[in-house]
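# A structural walkthrough
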Amino acid sequence: QVQVVESGGGLVQPGGSLSLFCAASGNIYYINHMGWYRQAPGEERAFVAAITRGGMASYVDSVKGRFTISRDNDKNTTTLQMNSLNPGDAAVYYCYFRIASTSDLVWTDYWGRGVQVAVSS
């Protein structure tokens, strides 16, 4: 079993910053990608950012230059630093980890339950 726990959501004013944190624990042999998706009301879940084990990051165009994803391979964690937030960023944010639980390297995506990010004055 693998557990994924997110934290750090909340309410922020436009132009403000928030940092989201996510940790995986349990039966983990190797973690490949880590990343974040978000889902606004009435919309489908959408990609935000991801980072490879080697540290290569990718972002959806709308957050480039404002969001930064990082990871700690020793602690099995990922952080999403969000700056210059605007109302369009408001959503439930979900993290995921692509994990192999044995040396067979059969990959499974494990998701957190989501954290709410609200942007309002």
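To be clear, the structure that these remarks concern was listed above.
Residues numbered from 1 in each chain as written. Predicted model: local features only at pLDDT ≥ 70, side-chain atom pairs only at ≥ 80, totals over all residues. Heavy atoms only, no water.

### Some points on the pairing of strand β7 (residues 67-72)
The criterion, for reference: The classification of residues rests on relative accessible area computed with a 1.4 Å probe and restricted to protein chains. Under 20% of the type maximum is buried, over 50% is exposed, and intermediate values are partly exposed. Helix and strand assignments come from DSSP, with helices taken as H or I runs of at least 4 residues and strands as E runs of at least 2, each series counted from the N terminus. We treat two strands as partners when DSSP finds at least two bridges between them.
Here β7 shows a buried face lined by Phe67, Ile69 and Arg71 and an unburied face lined by Thr68, Ser70 and Asp72. With six bridges connecting them, β7 and strand β8 (residues 77-82) associate as antiparallel partners. Within the sheet, the bridge partner assigned to Asp72 lies in β8 and is Thr77. Hairpin connection of β7 to β8: four residues between the antiparallel strands, including Asn76 at a positive phi of 55 degrees.

### A look at unusual backbone geometry
Non-glycine residue Ser84 carries a positive phi angle of around 50 degrees. The backbone of Leu105 shows a phi angle near 55 degrees, a positive value even though the residue is not glycine. In this structure, Leu105 sits in the loop between β9 (91-100) and β10 (107-111).

### Quick look at the pattern of salt bridges
This is how the line gets drawn: What counts as a salt bridge is simple: a side-chain nitrogen of Lys or Arg found within 4 Å of a carboxyl oxygen of Asp or Glu.
The tally for this structure, following the rule as stated, stands at four salt bridges. Between Asp89 and Arg38 there is a salt bridge, and its shortest N-O distance comes to 3.0 Å. With Asp89 in the loop between β8 and β9 and Arg38 in strand β4 (residues 30-39), this residue pair connects regions lying 51 residues apart in the sequence. What makes Arg38 buried here is its relative accessible area of 13%. Taking the shortest distance from any N to any O, the salt bridge between Asp109 and Arg98 comes out at 2.7 Å. Of this pair, Asp109 sits in strand β10 while Arg98 sits in strand β9, and the two are eleven residues apart along the sequence. With relative accessibility at 31%, the residue Asp109 sits in the partly exposed group. Among the ionic contacts, a cluster of salt bridges with common partners joins Arg38, Arg66 and Asp89.

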